[in-house]
Amino acid sequence: MTGAAETEHARQHATETTTRQKQEVCANVLEAYGLTVRQGGRTIWREASFTIHTGEFVCALGPNGAGKTTLLRLVLGLMSPAQGEIRVLGAQPRRGNPLIGYVPQRRTLDAHLRVCARDFVMLGLDGHKWGIASPFVTQQQRQARRELVEAACEAVGATGYINRPVGQLSGGEQQRLLLAQAILGQPRLLLLDEPLASLDIRNQYAIARLVGKVTQERQMTVLLVTHDINPLLSMTQQVLYIAQKQIALGTPEEIISTERLSRLYRAPVEVMRDSRGRVLVSGLELGR
Ligand SMILES: Nc1ncnc2c1ncn2[C@@H]1O[C@H](COP(=O)(O)OP(=O)(O)OP(=O)(O)O)[C@@H](O)[C@H]1O
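Please read all numbers here as calculations on a predicted model, not as lab measurements.

(A) Here's a closer look at helix 4 (residues 139–155). Here helix 4 spans 24 Å end to end across 17 residues, near enough to the 24 Å set by a 1.5 Å rise per residue. Restricting attention to buried positions, one finds in helix 4 the residues V149, A152 and C153. Looking straight down helix 4, one finds that the buried residues subtend no more than 100° of arc, so they occupy a single side. Opposite the buried face of helix 4, at more than 90 degrees from it, the exposed residues are Q139, Q140, Q143, A144, E147 and E154. At the C-terminal side of helix 4, G157 shows a positive phi close to 70°.

Dropping the structure here:
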């Protein structure tokens, strides 16, 4: 690296560190004030106000099309609200914020994808460049990146298949790699869009436990979209429920109750709990 490039690199690093430090002291990870969101001329939800605090594990629930992914898109700065204000780590949302890790709604990775698990996870560091590292990366930095990837793979229990082509891995194994990719940059906020979808029950619980453990160890705030809260109940502190164009936030006991859900859906919804605390909701099949 030339002297000028080194100076520029150091300046950028210092600016990013200061911004990071400033945002890390923010006690509220997500703040919404009177948020209204429209898509294609339709109001998806309106006048939502809520706060997610540092370190909370929050599950977003709601019927198909209620606007759960839309909320994640707002947080990621991929769209703007029609009204109201949203603040992420004390600032306006912005695209490519390194303080946010994101696992999008799961697509099965192409069975013919030859890239090995280690390189796939590495995309979490420079995915926007398709893994083509900057020419300024030194041998030492390359080694540090490898160690970071290996630590993330270890954290999600993927070390055993780190050299295998991702296309050949099972759904549960691929989900672990997506999680490793998202935590690589040590984000403060982790967004997960239906990480349990299309996994069998055993793997749903295994991935749920893993997400809980990894995010607690790394002190991350989590906003996770799911259709089934049960595998996540033991770690969920807040539930964010989206229905009937409204958003409600509270503890699982507050939100997932017969009275509250019936009010949210303006329909008779019944919530039952079994001896192990698992919830069963009936009445939602009648429509949004
Ligand atoms: N680009 C777009 N243009 C117009 N409408 C859109 C667009 N993207 C999403 N929508 C609509 O916004 C609504 C909310 O979509 P969103 O994907 O946020 O729902 P969701 O709650 O995540 O649903 P699911 O549980 O099915 O994933 C849907 O009715 C969808 O059709």
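(B) Spatial organisation of the sheet that holds strand 2 (residues 42–53). Sheet architecture is open: three strands sit in the order 2-1-4, paired in antiparallel fashion. Where the open sheet ends on each side, the last strands, each with one partner, are strand 2 and strand 4 (83–88). Strand-to-strand twist across the sheet, computed as the mean angle between neighbouring axes with direction ignored, equals 20°. As paired strands, strand 1 (residues 28–39) and strand 4 are joined by five bridges and run antiparallel to one another. Across the sheet, the residue bridging to T36 is Q83, located in strand 4.

(C) Just the domain arrangement of the chain, in detail. Taken domain by domain, the chain consists of domain 1 (3–256) and domain 2 (258–288). Listed per partner, the contact involves 13 residues of domain 1 and 11 residues of domain 2. Of all elements in the fold, only strand 8 (238–243), strand 9 (246–250) and helix 7 (252–255) reach the threshold of two or more residues within the side of domain 1 that touches domain 2. Broken down by class, the residue content of the side of domain 1 that touches domain 2 amounts to nine nonpolar, three polar and one charged.

(D) Representation of the environment of G167. Examined against the element boundaries, G167 turns out to sit in the loop between helix 4 and helix 5 (171–183). Between the C-alpha atoms of G167 and R276, which are 109 residues apart in sequence, the distance is 37 Å. Ignoring any residue separated from it by four or fewer positions in sequence, one finds G167 in contact with L109, D110, A111, H112, L113 and R114.

(E) Spatial organisation of the pairing of strand 11 (residues 279–282). In the sheet, strand 10 (residues 270–273) pairs with strand 11 via four bridges, with the strands oriented antiparallel. Note on strand 11: the bridge partner recorded for M272 is L280. Connecting the antiparallel pair strand 10 and strand 11 is a turn made up of five residues, with G277 showing a positive phi of about 90°.

(F) View of the site of the ligand. The immediate surroundings of the ligand are formed by Q39, G40, I44, G62, N64, G65, A66, G67, K68, T69 and T70. Per element, the largest residue contribution to the shell around the ligand is three residues, and it comes from helix 2 (residues 68–75). For the shell around the ligand, the residue count by class is two nonpolar, eight polar and one charged.

(G) Examining the nonpolar core more closely. Core analysis: the biggest nonpolar cluster contains 69 residues, and A60, V121, L179 and A180 have the highest contact counts within it. Top element by residues in this core is helix 5. It accounts for six residues. Beyond its immediate chain neighbours, meaning those up to four positions away, V121 contacts V149, A152, C153, L177, A180, Q181 and L184.

Definitions and limits used
Think of each chain on its own: its residues are numbered from 1, step by step along the sequence as written. Selection of residues for local features in this predicted model requires a pLDDT of at least 70, selection of side-chain atom pairs for listing and counting requires 80 or more, and totals for whole chains, interfaces and linings are taken over all residues. Each helix corresponds to a stretch of at least 4 residues labelled H or I by DSSP, and each strand to a stretch of at least 2 residues labelled E; elements are numbered beginning at the N terminus. Expected span, for any helix, means 1.5 Å times one less than how many residues it has. Counts of 20 or more other C-beta atoms within 10 Å of a residue's own C-beta define buried residues, counts of 12 or fewer define exposed ones, and intermediate counts define partly exposed ones; C-beta atoms are placed from the backbone. The directions from the helix axis to the C-beta atoms form the arc being described. Strands are labelled as partners when DSSP assigns at least two bridges between them. The angle between two axes is taken between their N-to-C directions and runs from 0 to 180 degrees, where each axis is a line fitted to C-alpha atoms and a helix contributes only its stretch in contact. Where each domain begins and ends is defined by an automated method or by a domain database. A pair of residues counts as a contact when their C-beta atoms, built from backbone coordinates, are within 7 Å of each other. Residue type decides the class: Asp, Glu, Lys and Arg count as charged, Ala, Val, Leu, Ile, Met, Phe, Trp, Tyr, Cys and Pro as nonpolar, and the leftover types, Gly among them, as polar. Only the C-beta atom matters for this test: placed from the backbone, it must lie within 6 Å of a molecule or strand for the residue to be near it. One nonpolar core equals one set of buried Ala, Val, Leu, Ile, Met, Phe, Trp, Tyr and Cys residues connected by C-beta atoms within 7 Å.

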